[in-house]
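Inside the fold
Read off the chains here:
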Amino acid sequence: MTATIIDGKAVAKVLRKKYAQEVAELSAAGVAPGLAVILVGDNPASRLYVGNKTRACQECGVRSHLQVFPADVPEFDVLQAIGKLNQHPEIDGILVQLPLPAHIDLRKVLAAIDVDKDVDGFHLYNVGALVVGNTIFPPCTPFGVQLLLDSAGIEVEGKNAVIVGASNIVGKPMALMLLQREATVTVCHAKTRDLAQHTILADILIVAAGRPGLITAPMVRQGACVIDVGINKLPDGTTVGDVDFDSVKERAGWITPVPGGVGPMTVTMLIANTIRSARRRAAQKTYLADDSFWQA
Ligand code: NAP
């Protein structure tokens, strides 16, 4: 059996076309969506990700505003910049590229972002909303995975979903989203004993550990859907995921490639969340005034 490849690049392209149309309509109505990105330092990977995000904005017609600070910028300056963007009437989304230098307190930075502009979905209110089963801004990577599953026609309800990786930005929100869709969810992490005994039970296996080659064919159930979130740069310069693609594709029913799987979706979901924020601005909706959360 050779797995069906879930082509994230192609799915993202279709979505971006749709979002470009929505942005054009909103702009014509006087609500041009705007995204502000803050980059601290000159981490090459961060620069690359920020470049991808800026390009996606251009492609969809979203106004983007990049603010770059040196690595030794005082924490106060970053918080002050966020404060100004919070007040800016034409900025719908604020994103601080992670990781931040060690002297900057991540918690303070995430808490400083206006929850109504938190398009990355990392503010504690958004995380809490995800826990109770509803959120305005789903974190971009798990949101992208969810749409990839939908695009491939993968049913989630009642399935065994196993997530390898329990980070706050991928594994945990992914688990909550799948739980919301009534999957039976297992979350594995570095301390999990005998990883294979969990992964082999997965109808849907989502891997986000940052360990190249972690998942091999014998760990995968025949016909499973395997989503590889990992992005690992090898010494020879190639980029691979966490799944041994060549062997696993002979066993899985569906698989995402790296690159060209989850990555393009993550960036595209940022556009989706920014559009959503602009629509809420137009409707003068605010988080705390939105009763729909508490009805989940
Ligand atoms: P992270 O914060 O380093 O978290 C990694 C998680 O994997 C942790 O929960 C860790 O467990 C777990 N883990 C590590 N080694 C493991 C092992 N041998 N077995 C089982 N679990 C293990 O990383 P992240 O930010 O979530 O990112 C994970 C990967 O996804 C990275 O390669 C990253 O580049 C990639 N990524 C891709 C996208 C995209 O758009 N495609 C977006 C974000 C991240 P502990 O909690 O016990 O330490």
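Before reading on, note that the structure itself is shown above.
One structure accompanies this document, and this report is about it. Note that the structure is a prediction, hence the values are computed from the model and not measured.

For the rest of this paragraph, the subject is the site of the ligand. Taken together, 21 residues lie near the ligand, and Ala166, Ser167, Ala190, Ile231 and Thr266 sit nearest. Backbone polar atom of His189 to a nitrogen atom of the ligand: 3.4 Å apart, as the coordinates give it. When the ligand is considered free in solution it has 930 Å² of accessible area, and contact with the protein chains removes 70% of it. Examining the composition of the shell around the ligand, we find that three residues originate from one element, helix H10 (residues 262-282), more than from any other. Among the residues forming the shell around the ligand, the class breakdown is eleven nonpolar, nine polar and one charged.

Right, let's get into the sheet that holds strand E5 (residues 160-164). In spatial order, the strands read E1-E11-E8-E7-E5-E6; together these six strands make up an open sheet with parallel pairing. Here the strands that pair on one side only, and so sit at the sheet edges, are strand E1 (4-5) and strand E6 (184-188). Note: strand E8 (residues 225-228) against strand E11 (residues 254-255), two bridges, orientation parallel. Residue pairing for E11: Cys225 is matched across the bridge by Trp254.

Glancing now at the layout of surface pockets. For the largest pocket, the calculated volume is near 1,500 Å³. Looking at the largest pocket, it is lined by 49 residues, and the ones nearest its centre are Tyr49, Thr141, Ile231, Gly263 and Thr266. Secondary structure elements with two or more residues in the lining of the largest pocket: helix H1 (8-28), helix H2 (44-60), strand E4 (93-96), helix H6 (140-151), strand E9 (232-233) and H10. In terms of residue count, H2 provides more of the lining of the largest pocket than any other element does, nine residues in total. Looking at the lining of the largest pocket residue by residue, the classes come out as 26 nonpolar, 14 polar and nine charged. Quantified by volume, the second largest pocket comes out at close to 380 Å³. In this structure, the second largest pocket is lined by 17 residues; those nearest its centre are Leu110, Phe122, Leu124, Val127 and Asn168. The greatest single-element share of the lining of the second largest pocket, amounting to four residues, is contributed by helix H4 (residues 106-112). Here the lining of the second largest pocket is composed, by residue class, of twelve nonpolar, three polar and two charged.

The next point concerns the side chain of Gln97. Mapped onto the elements, Gln97 comes out in the loop between E4 and H4. A polar atom in the side chain of Gln97 sits 2.7 Å from the side chain of Lys53. Setting aside chain neighbours within four positions, we find Gln97 in contact with Ile38, Leu39, Ser46, Tyr49, Val50 and Lys53.

Taken together, the three strands give an open sheet; going across it, the order is E3-E2-E4, and neighbouring strands pair in parallel fashion. For this open sheet the edge positions go to strand E3 (63-69) and E4, each flanked by a neighbour on one side alone. Shown here is a sheet whose adjacent strand axes are inclined to one another by a mean of 15°, direction ignored. Bridge analysis of strand E2 (residues 34-40) against E3 gives seven bridges, and the strand direction is parallel. Looking at the pairing, Val37 lines up with Leu66 of E3. The sheet contacts of H2 involve E2, E3 and E4, and relative to E2 the element is tilted by about 170°.

What follows deals with the pattern of salt bridges. For side chains of opposite charge, pairing can occur when their charged atoms come near one another. Across all of its chains, the model carries ten salt bridges by this definition. Between Arg221 and Asp203 there is a salt bridge, with its nearest N and O atoms 3.3 Å apart. Of this pair, Arg221 sits in the loop between strand E7 (204-207) and E8 while Asp203 is found in the loop between helix H8 (195-199) and E7, placing the two residues 18 residues apart along the sequence. Judged by its relative accessible area of 35%, Arg221 is partly exposed.

Direction of pairing for E5 relative to E6: parallel, over a ladder of five bridges. What sits directly across from Asn160, in E6, is Thr184. Each parallel crossover has a hand, and the one from E5 via helix H7 (residues 171-180) to E6 is right-handed.

The next thing to look at is the nonpolar core. Counting residues in hydrophobic clusters, the biggest one holds 54 residues, and the most contacted among them are Leu149, Leu178, Ile206 and Ile227. Element by element, the count of residues in this core is highest for H10, at nine residues. Ile227 has contacts with Ile6, Val145, Leu149, Leu205, Ile206, Val207, Thr256 and Val262, leaving out every residue within four places of it along the chain. Core analysis: the next-biggest nonpolar cluster, separate from the first, contains 17 residues, Ala202, Val226, Val243 and Ile255 among them.

Cut-offs applied
- Residues numbered from 1 in each chain as written.
- Predicted model: local features only at pLDDT ≥ 70, side-chain atom pairs only at ≥ 80, totals over all residues.
- Heavy atoms only, no water.
- Near = heavy atom within 4 Å.
- Polar contact = N/O pair within 3.5 Å; in protein donor to acceptor, adjacent residues only side chain to side chain.
- Areas by Shrake-Rupley, 256 points an atom, 1.4 Å probe, with all protein chains shown as cover.
- Helix = DSSP H or I, 4+ residues; strand = E, 2+ residues; numbered from the N terminus.
- Nonpolar A, V, L, I, M, F, W, Y, C, P; charged D, E, K, R; others polar.
- Pairing = 2+ DSSP bridges.
- 1 Å grid on protein atoms, 1.4 Å probe; cavity = no way out; pocket = protein on both sides within 12 Å on 5 of 7 lines; lining within 4 Å.
- Points joined across faces, edges and corners; volume = space filled by probe spheres on them.
- Contact = heavy atoms within 4.5 Å.
- Axes fitted to C-alpha atoms, helices over the stretch in contact; angles between N-to-C directions.
- Salt bridge = Lys/Arg side-chain N within 4 Å of Asp/Glu carboxyl O.
- Buried < 20%, exposed > 50% of the residue type's maximum accessible area, 1.4 Å probe, protein only.
- Right-handed = clockwise from strand over helix to strand, strands pointing away.
- Core = buried A, V, L, I, M, F, W, Y, C linked by side-chain atoms within 4.5 Å.

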